Amino acid sequence: MRESSSKTLEQVRMYSISVSDSRVSELITWYLRTLQRAIDIIWENIEWKYRFPRIERRKRKQVVIIPYKLKVPELPKDESFKKRLRDELLLDCPYAKHWIDAVIRTAYSIMKAWRKRYLKGKVRRIKPRVKKRFARCKITLMKVNYEEKSIRVTIKPGEYIEVSWGGKWFTRRVKGWRIGEVVLKDDRVLIPFKYTRVIEVRDTVAWDSNELSLDGFSPRKGFIRVDLKFLQSLKIVYEMKKRVAQSKGLKDIYEKYVARERNRERDFVNKLACGLTKLFPNTIHVFEDLEKEDLVSRRKASKSRRKRNARTPWKIIQKKISEKAVVVKVSPKNTSRTCPRCGCVVKTRVGRLFKCPRCDFELDRQKLASINIYLKYSKMRGFPHSNDPEKTMKGELWAGVTQSGRSPMIWTPMKRGPEGCEAKGRGLDIKQHKA
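Residues numbered from 1 in each chain as written. Predicted model: local features only at pLDDT ≥ 70, side-chain atom pairs only at ≥ 80, totals over all residues. Heavy atoms only, no water.

Draft legend 1. A look at the overall build of the chain. Within the chain one finds 10 helices and 21 strands. By element, 49% of the accessible surface of the chain is carried by carbon and sulfur atoms, the whole surface being about 25,500 Å². (Helix = DSSP H or I, 4+ residues; strand = E, 2+ residues; numbered from the N terminus. Areas by Shrake-Rupley, 256 points an atom, 1.4 Å probe, with all protein chains shown as cover.)

Next up, the structure:
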């Protein structure tokens, strides 16, 4: 499948600027108290309704939409309630009135997130509590001067806070970018910079997220394998170091190892995302929409499997790549159990090699999953019998990320595709393997 359409990529980068002003802490204290009060009022006005089991017929199959009787919370959304809520919160508001609107919007955002998790069975019927200190500023409370690179945030009528990003280390990175709603902290201001650009898509790469690798498939490049063993080794080493420090009661050493592990993981993921976007420009990256909580659940996985699943930061990798390229997510259901040639779904998933009982198609399960992810995105129903997936693959592209160098490098032998010679260097180690 050849991609020739245009996609809009919205990039967001968040940077912080230090602020030392007692008025900010006072504002945050009032903001959190008012936010919790708004959540309490919304919680008291929730209407609980029953949803009964429901089955629908889709594509000649019976599909269970609601498996069992469930009591569902319905948040109050009518304008009359929101007006009463705003009037009640305004009675104790020493700041600009638009801060009340920011509080109400944040309260509804928290309640919608709680409702979504409640319906999935991930949280109980307990009212949310605000613990982190922050204040999300509404866009009407801000005045941005892009020429002077400064932001003026209104606290009270006629009273402001001035923040400037001119001369900061990230000024060149955000040149020409627009500013979104800032977030106030006790000692800093978080500024989101947004930039939208149009990408002419030329290819699609589907990625299967595994414990030790990212296995991809592209009709133009073939199979792609990104080695994540270094990341797993890093996690295991620091788990041992943290365990020893914790057993000896060395809290400072433990926190040092936690910070060091986090920084090295971020460095690895940043280089990985940078390398993949350079190696595959103008490409849509398709990932599985994995739920990490299901992969580390005691009811769904053994202890050893939960520990291994918790080590690989799939969500962080996907998020970092989405900052540089177009990312699409598809359902992971049956991706490693479906034959891409005839569509047969095997009941069990045993062993690394998949063999279709209907058409005798054989392939490694990780490669198979990447093909099925690509087919889900392209809305295809399988390869024709005359176009076998194994015959269309010229080779397999291997890529690894090292910790040396500022950023991964793309070497000349790889610019003409996966048929290139062996190439090694700082950042990316690339070599050719036969499928």
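Draft legend 2. Inspection of the sheet that holds strand β7 (residues 142-145) at higher detail. Taken in spatial order, the three strands make up an open sheet running β7-β8-β9, and their pairing is antiparallel. Edge positions in the sheet fall to β7 and β9 (159-164), since each has one partner strand and no second. Across the sheet, the axes of successive neighbouring strands diverge by a mean angle of 20°, strand direction being ignored. (Pairing = 2+ DSSP bridges. Axes fitted to C-alpha atoms, helices over the stretch in contact; angles between N-to-C directions.)

Draft legend 3. Summary view of the packing of helix α5 (residues 251-279) against helix α8 (residues 314-322). Packing of α5 against α8 leaves a shortest axis separation of 9 Å and a crossing angle of 45°. By the criterion of interaxial angle, the relationship of α5 to α8 is oblique. Crossing angle aside, the handedness with which α5 passes α8 is right-handed. Between α5, through E265, V269, N270, L272, A273 and L276, and α8, the contact on the second element is made entirely by I316, I317, K320 and I321. Per-class residue counts for the contact of α5 with α8 are seven nonpolar, one polar and two charged. (Parallel < 35°, antiparallel > 145°, perpendicular 65-115°, else oblique. Left-handed = near helix turned anticlockwise from the far one by under 90°. Contact = heavy atoms within 4.5 Å. Nonpolar A, V, L, I, M, F, W, Y, C, P; charged D, E, K, R; others polar.)

Draft legend 4. Main features of helix α9 (residues 365-378). With 14 residues, α9 should reach 20 Å at 1.5 Å per residue; the first-to-last C-alpha distance of 20 Å fits that figure. The backbone nitrogen of Q366 lies 3.0 Å from a side-chain oxygen of the residue at the head of α9, namely D364. (Expected span 1.5 Å × (residues − 1). Polar contact = N/O pair within 3.5 Å; in protein donor to acceptor, adjacent residues only side chain to side chain.)

Draft legend 5. The arrangement of the state of the cysteines in detail. Taken as a whole, this structure holds zero disulfides when the rule is applied. As a non-bridged cysteine, C339 has C359 as the owner of its nearest cysteine sulfur, 3.6 Å distant. (Disulfide = S-S within 2.5 Å.)

Draft legend 6. How the structure looks around the packing of helix α4 (residues 229-247) against α5. Taken N-terminus to C-terminus, the directions of α4 and α5 make an angle of 170°; their axes are 9 Å apart at the nearest point. Classified by the interaxial angle, the pair formed by α4 and α5 is roughly antiparallel. Counted together, F230, L231, L234, K235, Y238, K241, K242, A245 and Q246 of α4 and I253, Y254, Y257, V258, R260, E261, R264, E265 and F268 of α5 form the full contact between these two elements. Here the residues of the contact of α4 with α5 are counted per class, giving 10 nonpolar, one polar and seven charged.

Draft legend 7. Region of interest: the pattern of salt bridges. One pass over the full model with this rule turns up 20 salt bridges. Close ionic contact of R23 with E159 constitutes a salt bridge, the shortest N to O distance being 3.2 Å. Here the residue R23 occupies a position in helix α1 (residues 22-44), and E159 occupies one in strand β9, the gap between them amounting to 136 residues. For R23, a relative accessible area of 25% corresponds to the partly exposed category. The salt bridge involving D101 is made with R86; its shortest N-O contact spans 2.7 Å. Taken as a pair, D101 in helix α3 (residues 98-119) and R86 in helix α2 (residues 79-90) lie far apart in primary sequence, 15 residues in all. One salt-bridge network, held together by shared partners, links K235, K242, E261 and E265. (Salt bridge = Lys/Arg side-chain N within 4 Å of Asp/Glu carboxyl O. Buried < 20%, exposed > 50% of the residue type's maximum accessible area, 1.4 Å probe, protein only.)

Draft legend 8. Up close: the side chain of S336. Structurally, S336 can be placed in the loop between β17 (326-330) and β18 (353-355). In contact with S336, not counting residues within four places along its chain, are R349, F354, R365, L368 and A369.

Draft legend 9. View of the side chain of Q11. Turning to its location among the elements, Q11 is positioned in strand β1 (residues 6-18). Q11 sits in the buried class, given a relative accessible area of 8%. Within the structure, Q11 has its side chain in polar contact with the side chain of R197 (distance 3.1 Å). Those residues in contact with Q11 that sit more than four places away from it in its chain are W177, F193, K194, Y195, R197, E323 and K324.

Draft legend 10. A look at unusual backbone geometry. Residues other than glycine seldom take positive phi values, yet K149 does so here, at roughly 55°. By secondary structure assignment, the location of K149 is in the loop between β7 and β8 (150-156). Here D360, not a glycine, exhibits a phi torsion of approximately 65°, which is positive.

Draft legend 11. Examining the packing of aromatic side chains more closely. Evaluated as defined, the whole model comprises 20 aromatic pairs. Where W48 meets W114, the ring centres are 6.3 Å apart and the plane angle is 85°; that geometry is what we call edge-to-face. Of this pair, W48 sits in strand β2 (residues 47-51) while W114 sits in helix α3, placing them 66 residues apart in sequence. Here W177 and Y195 contribute two aromatic rings whose centre-to-centre distance is 5.3 Å and whose plane-to-plane angle is 25°, an arrangement assigned as stacked. Here W177 is found in the loop between β9 and β10 (178-179), whereas its partner Y195 is found in strand β12 (residues 188-200), with 18 residues between them in sequence. (Phe/Tyr/Trp six-rings, centres within 6.5 Å; stacked < 30°, edge-to-face > 60°.)

Draft legend 12. Structural view of the nonpolar core. Core analysis: the biggest nonpolar cluster contains 55 residues, and Y31, W99, I191 and F193 have the highest contact counts within it. The set of elements that each furnish at least two residues to this core consists of β1, α1, α2, α3, β8, β9, β11 (183-184) and β12. At 12 residues, the largest contribution of residues to this core is made by α1. Excluding residues that lie within four positions of it along the chain, Y31 makes contacts with W99, A102, V103, T106, F134, A135 and R136. With 24 residues, the next largest nonpolar core counts V326, V330, C344 and L375 among its residues. (Core = buried A, V, L, I, M, F, W, Y, C linked by side-chain atoms within 4.5 Å.)

Draft legend 13. Examining the confidence of the model for the chain more closely. Taken as a whole, the chain shows an average pLDDT of 82; of its residues, 82% reach a score of 70 or greater. Across residues 380-387, confidence stays below pLDDT 50; counting only partners more than four residues off in sequence or on other chains, it has 14 contacts. Across residues 401-435, where pLDDT falls below 50, the model places 84 contacts with residues more than four positions away in sequence or in other chains. (pLDDT = per-residue confidence, 0-100.)

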